[in-house]
Amino acid sequence: MKVMTLAALLMQMTSAGGAGAEDKRAGKHVEDVGTEHKGAVAEDITSLKGEIVSLKEEFRRARERQRLAAEEKQRQEEARYGVPAKTAPTPASGGERTPAR
């Protein structure tokens, strides 16, 4: 989760152009003296949370695409080489090994 948070923060910072871009410096500006900027932190946190959610969704979709591509590749190789599809082994009934009579 730390990686996702860092990635979202990095994206937010780079999309804003860094600390000096378009009046987004850390300190107060001359035009802002005497006015309070209420809710800016809450807005930024909300924005970061939204980006984290979208990144999670994007990574989830990418993993799903990778999984589907791997399955398709396996099917193609099985069809190409004539290897039968693997079936899941069925568990033996009775649990323990029973001696043959």
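Placed above this text is the structure.
Everything in this summary refers to the structure shown in the same document.

What counts, and at which threshold
Residues numbered from 1 in each chain as written. Predicted model: local features only at pLDDT ≥ 70, side-chain atom pairs only at ≥ 80, totals over all residues. Heavy atoms only, no water. Helix = DSSP H or I, 4+ residues; strand = E, 2+ residues; numbered from the N terminus. Buried < 20%, exposed > 50% of the residue type's maximum accessible area, 1.4 Å probe, protein only. Areas by Shrake-Rupley, 256 points an atom, 1.4 Å probe, with all protein chains shown as cover. Contact = heavy atoms within 4.5 Å. Salt bridge = Lys/Arg side-chain N within 4 Å of Asp/Glu carboxyl O. Patch = residues over 30% accessible without salt bridge, like charges linked within 9 Å, V, L, I, M, F, W, Y side chains within 5 Å. Core = buried A, V, L, I, M, F, W, Y, C linked by side-chain atoms within 4.5 Å. Expected span 1.5 Å × (residues − 1).

## Notes on the overall build of the protein chain
Here is step 1: Within the protein chain, the regular secondary structure consists of two helices and zero strands.
Here is step 2: Taking all 101 residues of the protein chain together, the buried fraction comes to 10%.
Here is step 3: Within the structure as shown, the protein chain displays about 9400 Å² of accessible surface, and the carbon and sulfur contribution to it stands at 58%.

## Focus on the environment of Leu 48
Here is step 1: Inspection of the secondary structure puts Leu 48 in helix H2 (residues 40–81).
Here is step 2: In this structure, the C-alpha to C-alpha distance between Leu 48 and Gln 12, residues 36 residues apart in sequence, is 7.1 Å.
Here is step 3: Not counting residues within four places of it along the chain, the set of residues in contact with Leu 48 comprises Ala 8, Leu 9 and Gln 12.

## Observations concerning the side chain of Glu 51
Here is step 1: With respect to the helices and strands, Glu 51 occurs in helix H2.
Here is step 2: Once residues lying within four places of it in the same chain are set aside, the contact partners of Glu 51 are Ala 8, Met 11 and Gln 12.

## Some words on the pattern of salt bridges
Here is step 1: Applying the stated rule across the entire model yields six salt bridges.
Here is step 2: Across the salt bridge formed by Arg 75 and Glu 71, the nearest N and O atoms sit 3.6 Å from each other. Here the residue Arg 75 and the residue Glu 71 both occupy positions in helix H2, the gap between them amounting to four residues, near one helical turn.
Here is step 3: Taking the relative accessible area as the measure of exposure, Arg 75 reaches 46% and is therefore partly exposed.
Here is step 4: Each member of the salt-bridge network shares a partner with another, and the members are Glu 64, Arg 67, Glu 71, Glu 72 and Arg 75.

## Let's talk about a nonpolar patch on the surface
Here is step 1: A contiguous nonpolar patch, built from Leu 6, Leu 9 and Met 13 and spanning about 300 Å² of accessible area, is present on the exposed surface.
Here is step 2: Tracing the chain through its elements places Leu 6 in helix H1 (residues 2–16).

## Observations concerning the environment of Ile 52
Here is step 1: For Ile 52, the position within the fold is in helix H2.
Here is step 2: For Ile 52, a relative accessible area of 12% translates into the label buried.
Here is step 3: Considered as a pair, Ile 52 and Ala 7 are 45 residues apart in the sequence and their alpha carbons are 8.2 Å apart.

## Observations concerning the nonpolar core
Here is step 1: Counting residues in each nonpolar core, the largest one holds five residues, listed as Met 4, Ala 8, Leu 48, Ile 52 and Leu 55.
Here is step 2: Listing elements by their share of this core, those giving two or more residues are H1 and H2.
Here is step 3: Ranked by residue count, the leading element in this core is H2, at three residues.
Here is step 4: For Ala 8, the contacting residues outside a window of four places in its chain are Leu 48, Glu 51, Ile 52 and Leu 55.

## Considering H2
Here is step 1: Taking 1.5 Å as the rise per residue, H2 with 42 residues should run 62 Å; its terminal C-alpha atoms sit 61 Å apart, in good agreement.
Here is step 2: Among all positions of H2, only Ala 40, Leu 48, Glu 51, Ile 52, Leu 55 and Glu 78 are buried.
Here is step 3: Just downstream of H2, Gly 82 is the residue with a positive phi angle, here 75 degrees.

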